[in-house]
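# Observations on the model geometry
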Number of protein chains: 2
Amino acid sequence: MRVIVPFAAQTPKTRLEPVLDLDERKEFARVLLKDVLDAIEATDVEPTVLATAPIDLDVEVIVDERNLTPAVNAVLDESDEAVAIVMADLGLITSPVIERFFTLSGDVVLAPGMAGGTNAIVSRTGDFSVDYHGVSFHDHLAVAREIGATVNVIDSFRLATDIDEPADLLEVFLHGTGRASDWLASVGFSIDRSGDRVRLTRT
Amino acid sequence: MRVIVPFAAQTPKTRLEPVLDLDERKEFARVLLKDVLDAIEATDVEPTVLATAPIDLDVEVIVDERNLTPAVNAVLDESDEAVAIVMADLGLITSPVIERFFTLSGDVVLAPGMAGGTNAIVSRTGDFSVDYHGVSFHDHLAVAREIGATVNVIDSFRLATDIDEPADLLEVFLHGTGRASDWLASVGFSIDRSGDRVRLTRT
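The shown structure was predicted, so the numbers you read here are calculated from the model rather than taken from an experiment.

### What to know about the packing of aromatic side chains
Residues and elements named next belong to chain B. Evaluation of the coordinates by the stated rule reveals four aromatic pairs over all chains. Where phenylalanine 101 meets phenylalanine 102, the ring centres are 6.2 Å apart and the plane angle is 50°; that geometry is what we call tilted. The burial state of phenylalanine 101 is the same as that of phenylalanine 102; both residues are buried.

The following block contains the structure:
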């Protein structure tokens, strides 16, 4: 199986602007990406990064300047084997959960993300295509049904949690097992338990 | 196994104040509770509601006016069989996921919730106690370790998603399989796909 990790090399994590500056966002995006690549490599699969610009990594990199949807569909079109697409910002990913995901049966296997997104896909059929705009999880279910594919959906908190917004950082801090939680601590984030609700603060 | 569903009968869902008025919050909290009870009953277990005030339901109700932590600990202390505690606001719960949870091995089995919470617990040891304040998931792991209990953690998006804040309603609307998503539609909520991000709006 081919495993693709799309990565927006130029505009990383814009919605984290309120809490991280541009250089930090770039660094954090790379740290998240590496956690995802590590988790995949530990399942004995060699991932390929699909980047919007050249990026220095010790895995195969395909550069495609287009948006996520056409870039991923180009890979799906060209491939004659099963393809997995795993988002680069899954800050709670572990090797066991990605292994569990890869081994689920089905022509199409989906991992829903928060707010209607699709955080990971396995496609074992040549007819499947992606559309990451809007409620992509429902759209991907609809595409799978249209082409008569068997569908499986994983129920995983770790795969559902993509790191887009400041509130998501708390989840990485609490449950992350890779570099990303260490990185957040290294730049001064810590947990504030003083109020009614647990929050991440920065000193 | 005894299955307890704690329910704050008087102050339901205060953090949904920006989008639902008091009567609506009361109604929605009941609808969520019923979805949780249904999912549990479908696993052939009879749940007991642990309510802060009398409430009319067709399952057993224990009334305990105290806060969540002492009320649940009183049940754990009294019980001489395994006890499960399942939060009443798990808007994505299904019978298969609660069945998967109940059948995991371990003296203590935990379902982490968003923002450090603990959304469901199975305790098969008399020594376990709860503390729902702060990062309760980490505290519950620590208690289990202290008493030498074997621990298991479920990785489930459906069990991690408790419905506290307006943003959580979108998840119920997108992934809920019970009454709660229908209820949200019935009071005028719908999905707005017009912007960059998917949002729930109310007409």
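### Here we look at the relation of the copies chain A and chain B
Rotating chain A by 180° about the axis while translating it 0.0 Å along that axis superimposes it on chain B, leaving an RMSD of 0.0 Å. Those values place the two copies in the arrangement expected of a two-fold rotation axis. Comparing interface residues between copies, 100% of those in chain A also lie at the interface in chain B; the contact surface is shared.

### A short note on the sheet that holds strand β7 (residues 151-153) of chain A
All names here are of chain A. Spatially, the seven strands line up as an open sheet ordered β3-β2-β1-β4-β6-β5-β7, and their pairing is mixed. In the strand order of this sheet, the two ends are held by β3 (60-63) and β7, each with one partner. Averaged over all pairs of adjacent strands, the angle between strand axes in this sheet comes to 20°, irrespective of strand direction. The pairing of strand β5 (residues 108-112) with strand β6 (residues 118-123) spans five bridges and is antiparallel. Of the residues in β6, the one forming a bridge with valine 108 is serine 123. Against the sheet, helix α4 (residues 136-146) engages β5, β6 and β7, with an angle of about 170° to β5.

Criteria and cut-off values
- Residues numbered from 1 in each chain as written.
- Chains lettered and ligands numbered in written order.
- Predicted model: local features only at pLDDT ≥ 70, side-chain atom pairs only at ≥ 80, totals over all residues.
- Heavy atoms only, no water.
- Phe/Tyr/Trp six-rings, centres within 6.5 Å; stacked < 30°, edge-to-face > 60°.
- Buried < 20%, exposed > 50% of the residue type's maximum accessible area, 1.4 Å probe, protein only.
- Least-squares fit on C-alpha atoms with pLDDT ≥ 70 in both.
- Contact = heavy atoms within 4.5 Å.
- Pairing = 2+ DSSP bridges.
- Helix = DSSP H or I, 4+ residues; strand = E, 2+ residues; numbered from the N terminus.
- Axes fitted to C-alpha atoms, helices over the stretch in contact; angles between N-to-C directions.

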